[in-house]
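# Structural characterization, general
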Amino acid sequence: MSDAIIELESVSKTYGSGAAETKAISEVSMTVERGGWVAIMGPSGHGKSTLLQLIGGLDRPSAGRIVLDGSELGTLDAAELAAVRGKKIGFVFQFFNLMPHLTALENVEIALWLGGGARSNGRAMDLLERFGLGDKAHHLPSMLSGGQQQRVAIARALANEPDILLMDEPTGNLDSGSEAELLALLGELNKAGKTLLMVTHNPTVASHALRLVRVKDGRIEEDRSNGV
């Protein structure tokens, strides 16, 4: 039996109206199995990031249904939607989005606070140590390399033990060495059972995923196994 964790049925997203109307996503249907790793590619401005935002409940579709691990997002109010995001999804972005005045440890701890976890439970430090950052726990983001900042961001995304990681160009600001380290880490997370969706422009990065989805003009142009 299929074990889909993400289901999209005829999802569209339109911005504006009349002559100013823009259809960012048009009639997209796709399913992501639990434990999958999907790379989403396509030209700039053709709907990749919009698709990721819709799946993550950061925006609502104009039409269609999105079901996230059994919860239909369109039926949830704002508080319910925030609760589902907090429990089931970790977000990772190209520009890290760390709070500059907080240490690496505090940046992870704040995700625990927002998720209702206790600061003293040690999970934040455990995550940093797992990602080789135990000795950087009390450093501010400005004292860390790009690769280290992205590992802190992933530790923060995993703080509340979500099943899904949604990543928008996670390697976009990394050098080749940091990129390779991050991809190895993502491979380990996927093997441990995390479901990964990753928007990228980089074919080398995309080749590490188990599945490739190409988006063009707001539609899925190609959806295939990567054969990795």
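Structure: see above.
Now for a quick tour of the structure. (Residues numbered from 1 in each chain as written. Predicted model: local features only at pLDDT ≥ 70, side-chain atom pairs only at ≥ 80, totals over all residues. Heavy atoms only, no water.)

### As for the overall build of the protein chain
- In terms of helices and strands, the protein chain carries 7 helices and 10 strands.
- In terms of overall size, the protein chain behaves like a compact globule, its C-alpha atoms giving a radius of gyration of 18 Å where 228 residues would be expected to give roughly 17 Å.
- A principal-axis box enclosing the C-alpha atoms of the protein chain has dimensions of 50 × 45 × 40 Å.
- Residues classed as buried in the protein chain amount to 47% of the 228 residues present.
- Side chains of the protein chain give 22 positive and 28 negative charges; the mean places of these two sets differ by 1 Å. (Helix = DSSP H or I, 4+ residues; strand = E, 2+ residues; numbered from the N terminus. Rg over C-alpha atoms; globule rule 2.2 N^0.38 Å. Buried < 20%, exposed > 50% of the residue type's maximum accessible area, 1.4 Å probe, protein only. Lys, Arg positive; Asp, Glu negative; His and termini not counted. Charge placed at Lys NZ, Arg CZ, Asp CG, Glu CD.)

### Overview of the pairing of strand β2 (residues 22-33)
- Here 8 bridges tie strand β1 (residues 4-15) to β2, and the two strands are oriented antiparallel to one another. Looking across to β2, one finds that I6 is bridged to V32.
- Hairpin connection of β1 to β2: 6 residues between the antiparallel strands, including G16 at a positive phi of 75°. (Pairing = 2+ DSSP bridges.)

### Side note on helix α3 (residues 104-114)
- Within α3, 8 of the 11 residues are buried, which leaves the element mostly enclosed by the surrounding structure.
- Turning to α3, its buried residues number three or more, namely A104, L105, N107, V108, E109, I110, A111 and L112.
- Next to the buried residues of α3 lie α4 (123-130) and α5 (146-157). (Contact = heavy atoms within 4.5 Å.)

### Considerations on the environment of Q148
- Tracing the backbone shows Q148 in helix α5.
- C-alpha of Q148 to C-alpha of L182: the two residues are 34 residues apart in sequence and 9.4 Å apart in space.
- Sequence-distant contacts of Q148, defined by excluding residues within four places in its chain, comprise L133 and K136.
- Only 2.9 Å separates the side chain of Q148 from the backbone nitrogen of S145, close enough to count as a polar contact. (Polar contact = N/O pair within 3.5 Å; in protein donor to acceptor, adjacent residues only side chain to side chain.)

### Some points on the pattern of salt bridges
- Enumeration over the complete set of coordinates arrives at 10 salt bridges.
- Notably, a salt bridge pairs R65 with E72, separated by 3.2 Å at the nearest N-O pair.
- Given a relative accessible area of 32%, R65 falls into the partly exposed group.
- Its salt-bridge partner being R224, residue E222 comes within 2.9 Å of it at the nearest N-O pair. (Salt bridge = Lys/Arg side-chain N within 4 Å of Asp/Glu carboxyl O.)

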